[in-house]
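Listed here are the chains, written in short residue letters.
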Amino acid sequence: MNSETENIKKLIIDQSLELDCGKIIKNFPLAYETYGALNKSKSNAILTFHALSGDQFVTNINPITKREGWWTAAVGPGKAIDTNKYFVICANVLGGCMGSYGPKEINPETNKLFGTTFPVITIRDMVKAQKYLLDHLGIKKLLAVTGGSMGGMQVLQFVSLYPNMAHSAIPIACSASHSAQNIALNELGRQAIMADPNWKKENSTPDKGLAVARMAAHITYLSKQGLQEKFGRKLQDKGSLKFSFDADFQIESYLRYQGSTFVDRFDANSYLYITRAMDYFDLNKQFNGNLSLAFKNTKSKFCIISFSSDWLYPTIENKEIVIALNACGANVGFVEINSDKGHDSFLLNVPDFLKTVSEFLNSTYNGINNEKRI
Amino acid sequence: MKKEFEVISQIIQNNKRVLDIGCGDGTLMEYLKVNQQNDVRGLEPEKNLVQKCISKGLPVIEGDAEKELVQFPKKSFDYVVLSQTLQAFLRPEEVLNQLLRIGKQTIVSIPNFGYWKVRLHLLLKGTMPITKNLPNEWYNTPNLHMCTIQDFVNFCNKKSIKIDKSMCLTNEKISEITKGNMQYKNIFSQLGIFLIQ
C-alpha cells in the first residue's frame, strides 16, 4: 500500500470482480469520500463520478494534494449540489492513483508495484466496482448519478447496468462512444509518457512525458475563443521576444505550469490506464449498435447537459444520447449551456449550468418526497 | 393559463403521452402533468426557456422541430401539440408530416389570417396587418407561412388528413367550426385549433 494514501477512506472489496479483459480481481481497495449526511430513508444520496484527472475528493481541500477539490464550484454547502441537503459520494476509479486499486499499488503476488502489469480496465469495470461501495453503504436507490466527461460515461454505464438504481441521471459533456478524435488525443498523451526514458525505469517517473501529455490534454479542455481572450499573444515579460525557446508567451508558461503541477499529483501509468478505459468505452457496441437498448429498462429521469464551446465532447455527441433516450421513450431533458470555457466548463463557475443542475436535482428530490407523502 | 391551453388540455385525455412542440416555459406541460397525469415531453429552441422547464422538473429538450422530430419513433405519443408555431417554420408541410407520424393524434393551433381585423388592416391601410395576435412588422415577424382557417382545412382535405375536431377562439370565447359556419368563423375567429390524424 502506498504510504501517502494510508489515511484516506477505503473499502476493501472482498468479492471477486471479473474484468472485461477476462482477469478476475478480488480483495481490492476502493478509495472513496463522502460529503453531507445520509438521511434516515437513505434517499438523498448522489453518486458523482470523477473524470480522467480527478479523484474522490470532490470538494473542500484535497488532503493529499492540498488543492481545492475538482468540483468545488458545484458541490458544497449551499452550492448546486448542496451538501447540507444531499449525501454526496465519490470513489476513486479502478486504475486511479488516489488509493483505489491501480498501477500505483503493490501487486500482492509479486510484492512489487503493478505498473503496466496491472490489468487493462474499462468504464464498465469502474462502475461495477463502485456498485460494491453502494452496497456497503446500504444504498438501494440513489437520488442521482452525475459526472462530467469520463464521469458522464460512467453515468451512462451505470444507468445501463442498473436501470432501477437511480431516480435521476445527469451525464454532462460526455459521449456514449469515444470518438476517433478523442482516441487520437489520448494516444498522443500515452505516447508522450512512453517516449520518456524514465518510463518503466525503476525508482523514477516519466515526469516530462506526463507533463507533455497533460499540456496537450489541457488545450483540449479549453476553447479557441477562451484561450484567445485569456492569453491572446500576451508575452510573459512585458519586453519583447527573446529569440529563444523559453516561454515567451503567457500561454506557453501557463501550459508548462499545468504540466509541472500535474506530475506532482498524478501517476503516469494511471494516466495510461484511464485514457485506455475512455477509448474502449463504446456503449453503442455493447448493445450491437443500438444505443437505445442500453436504456431500454431505465427508470431514471435524465438531464443531459453540453456546452457550446466544448469541442472535445461536442453537443452533437451529447445529443446522440438524447436521441437514443427519446427513441425508447425515456424521461429526458437536454440543454446546451452557452459558455466560452470549452470542455472545462463543467468544472467552473458557469451560473446557467449550476442553476440547471441545482434545480433539476431539487425537482427530483421534491418529486420523490411528494410521492412518499401521497 | 391562457384560454387556448384550456381548450387544448380539454381535448387531451388523462394519463396519455404528450409531446409539446415549442413548449415555451412549460405552462401547458405542467398543467397536463399535474392535473391530468399526462406523461409529458417538450421540445423548445430557446435555451432560457428550456432551463426554466428543467427547473420545474419538466423533461424538455433544446432543439429545433424542423431538425429534431425525425428522432422520435412512429406513433410514440398519444398527442403531439403544436401551438401557434406552424406558420413560423421554413417547411411547415414537412413538420406537419412529422407530427402526424409521431403522434397518434395531433393538435395544431394557428393564428387565423382570415380574421376580419387582419383583412381590414390590409384593405384600408394597404400595409401588412398588425394585430394583437400578430404583433410584428413584416420585416421582423417570425411568421413565414401565414394561413387562414379555411386554408388549413383545405390543406388537410387535399392531403387526406382527417380532422377530428375543429374549434376556434374569438376574444376568449370558444366555439366549434362546422361546414355550415366555416365562412363566418374564418372571418370572426382569431385562432383555429384542430385535432387531426
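Residues numbered from 1 in each chain as written. Chains lettered and ligands numbered in written order. Predicted model: local features only at pLDDT ≥ 70, side-chain atom pairs only at ≥ 80, totals over all residues. Heavy atoms only, no water.

1. A few points about the overall build of chain B
On a plain count of helices and strands, chain B comes out with eight helices and eight strands. The globule rule puts the C-alpha radius of gyration for 197 residues at 16 Å, and the 16 Å found for chain B is close to it. Summarising its shape, the C-alpha atoms of chain B cover approximately 50 × 35 × 30 Å along the three principal directions. Within chain B, the fraction of its 197 residues that count as buried is 51%. Within chain B, contacts between residues separated by at least 24 positions form 64% of all contacts whose residues are at least 6 apart in sequence. As displayed, chain B has an accessible area near 9600 Å², and 52% of this comes from carbon and sulfur atoms. Separation between the mean location of the 26 positive side-chain charges and that of the 20 negative ones in chain B comes to 5 Å. (Helix = DSSP H or I, 4+ residues; strand = E, 2+ residues; numbered from the N terminus. Rg over C-alpha atoms; globule rule 2.2 N^0.38 Å. Buried < 20%, exposed > 50% of the residue type's maximum accessible area, 1.4 Å probe, protein only. Contact = heavy atoms within 4.5 Å. Areas by Shrake-Rupley, 256 points an atom, 1.4 Å probe, with all protein chains shown as cover. Lys, Arg positive; Asp, Glu negative; His and termini not counted. Charge placed at Lys NZ, Arg CZ, Asp CG, Glu CD.)

2. Considerations on the overall build of chain A
Check the secondary structure of chain A and you find 11 helices and 12 strands. Taken over the C-alpha trace, chain A has a radius of gyration of 20 Å; the compact-globule value for 374 residues is 21 Å, and the two agree within 12%. A principal-axis box enclosing the C-alpha atoms of chain A has dimensions of 75 × 50 × 40 Å. Looking at chain A as a whole, 57% of its 374 residues qualify as buried. Within chain A, counting contacts between residues at least 6 apart in sequence, those at least 24 apart form 70% of the total. Counting only carbon and sulfur atoms, one obtains 51% of the accessible surface of chain A, whose full area is about 16100 Å². In chain A, 40 positive and 35 negative side-chain charges are present, and the distance between their average locations comes to 5 Å.

3. Some thoughts on the nonpolar core
Residues and elements named next belong to chain A. Within the largest apolar cluster, 109 residues are counted, with the highest numbers of intra-cluster contacts made by Phe158 and Phe295. The element best represented in this core is helix α1 (residues 123-137), accounting for eight residues. When we break this core down by domain, the ones giving at least three residues each are domain 1 (3-178 + 282-373) and domain 2 (185-271). Filtering out sequence-adjacent residues up to four positions away, Phe158 remains in contact with Leu47, Phe49, Val127, Leu134, Leu142, Val145, Met165 and Ala166. (Core = buried A, V, L, I, M, F, W, Y, C linked by side-chain atoms within 4.5 Å. Domains from an automatic or database assignment.)

4. Section: helix α5 (residues 92-102) of chain B
All names here are of chain B. Within α5, the full set of buried residues consists of Pro92, Val95, Leu96, Leu99, Leu100 and Ile102. All buried residues of α5 project into a common sector of 170° when viewed along the axis, lining one side. Along its buried surface, α5 packs onto β1 (17-21), α4 (65-68), β4 (77-83), β5 (103-111), α7 (149-158) and β8 (191-196). (Arc of directions from axis to C-beta.)

5. Focus: the pairing of strand β2 (residues 24-35) of chain A
Residue and element names in this part refer to chain A. β2 sits mainly inside the fold: nine of its 12 residues count as buried. Counted along the chain from strand β1 (residues 10-18) to the antiparallel partner β2, the turn is five residues long, and its residue Gly22 has a positive phi close to 105°. In this structure, β2 lies alongside strand β6 (residues 87-91), joined through four bridges in antiparallel fashion. Paired with Thr34 across the two strands is Ile89, which belongs to β6. (Pairing = 2+ DSSP bridges.)

6. Points about the interface of chain B and chain A
Tallying the contact residues gives 18 residues for chain B and 22 residues for chain A. Here chain B meets chain A over a buried area of about 1700 Å², counting both sides, of which 50% is carbon and sulfur. When the area that chain B buries against chain A is broken down by residue, the three leading residues are Gln51, Ile54 and Gln71 of chain B, summing to 32%. Linking chain B to chain A there are two salt bridges. There are 10 residue pairs in polar contact (both at pLDDT 80 or more) connecting chain B and chain A. Within the residue set of the side of chain B that touches chain A, elements represented by two or more residues are α3 (47-55) and β3 (60-62) of chain B. Looking at which element gives the most residues to the side of chain B that touches chain A, the answer is α3 of chain B, with five residues. Here the residues of the side of chain B that touches chain A are counted per class, giving seven nonpolar, five polar and six charged. (Buried area = accessible area lost by both parts, 1.4 Å probe. Salt bridge = Lys/Arg side-chain N within 4 Å of Asp/Glu carboxyl O. Polar contact = N/O pair within 3.5 Å; in protein donor to acceptor, adjacent residues only side chain to side chain. Nonpolar A, V, L, I, M, F, W, Y, C, P; charged D, E, K, R; others polar.)

7. Considerations on the domain arrangement of chain A
Residue and element names in this part refer to chain A. Domain annotation of chain A identifies domain 1 (3-178 + 282-373) and domain 2 (185-271). One C-alpha centre belongs to domain 1, the other to domain 2, and the line joining them spans 27 Å. Residue-level contacts link 21 residues of domain 1 with 22 residues of domain 2. Inspection of the domain 1/domain 2 interface yields zero salt bridges.

8. A word on the environment of Pro63 of chain A
Turning to its location among the elements, Pro63 of chain A is positioned in the loop between β3 (45-48) and β4 (75-76). A C-alpha to C-alpha distance of 27 Å links Pro63 of chain A and Lys26 of chain A, two positions 37 residues apart in sequence.

9. As for the packing of helix α1 (residues 3-11) of chain B against helix α2 (residues 27-36) of chain B
Residue and element names in this part refer to chain B. Contact geometry of α1 with α2 gives a least axis separation of 11 Å together with a crossing angle of 40°. Relative to α2, the element α1 lies oblique. Helix-helix and strand crossings are classified by hand; for α1 and α2 the assignment is right-handed. Across from Phe5, Ile8 and Ser9 in α1, the residues of α2 making contact are Thr27, Leu28, Tyr31, Leu32 and Gln36. Class assignment of the residues belonging to the contact of α1 with α2 gives a composition of five nonpolar, three polar and no charged. (Axes fitted to C-alpha atoms, helices over the stretch in contact; angles between N-to-C directions. Parallel < 35°, antiparallel > 145°, perpendicular 65-115°, else oblique. Left-handed = near helix turned anticlockwise from the far one by under 90°.)

10. A short note on the packing of helix α3 (residues 180-194) of chain A against helix α4 (residues 207-221) of chain A
Residue and element names in this part refer to chain A. Axis separation between α3 and α4 bottoms out at 7 Å; the angle between their running directions is 160°. With respect to α4, the axis of α3 lies roughly antiparallel. The interaxial crossing formed by α3 with α4 has right-handed handedness. Residue-level inspection shows Leu185, Leu188, Gly189, Ala192 and Ile193 of α3 in contact with α4, the latter providing Gly209, Leu210, Val212, Ala213, Ala216 and Thr220. Within the contact of α3 with α4, the residues separate by chemical class into eight nonpolar, three polar and no charged.

11. Details of the environment of Tyr280 of chain A
Residues and elements named next belong to chain A. Residue placement: Tyr280 occurs in helix α7 (residues 268-280). What makes Tyr280 partly exposed here is its relative accessible area of 46%. In sequence terms Tyr280 and Met153 are 127 residues apart; their C-alpha atoms lie 11 Å from each other. Setting aside chain neighbours within four positions, we find Tyr280 in contact with Val120 and Thr122.

12. Regarding α1 of chain A
All names here are of chain A. Here α1 spans 21 Å end to end across 15 residues, near enough to the 21 Å set by a 1.5 Å rise per residue. Across the 15 residues that make up α1, a large majority, 11, are buried. Inspection of α1 places Ile123, Asp125, Met126, Val127, Ala129, Gln130, Lys131, Tyr132, Leu133, Leu134 and Leu137 among the buried residues, and these make up the whole buried set. Positive phi shows up at Gly138, right after α1, with a value of about 75°. (Expected span 1.5 Å × (residues − 1).)

13. Considerations on the packing of aromatic side chains
All names here are of chain A. As enumerated under the stated definition, the model contains 21 aromatic pairs over all chains in all. Ring geometry for Phe262 against Tyr271: centres 5.9 Å apart, planes inclined by 80°, an arrangement best described as edge-to-face. Each member of the pair, Phe262 as well as Tyr271, is classed as buried. An aromatic cluster is built from Phe28, Tyr101, Phe114, Phe118 and Tyr273, whose rings are joined through pairwise contacts. (Phe/Tyr/Trp six-rings, centres within 6.5 Å; stacked < 30°, edge-to-face > 60°.)

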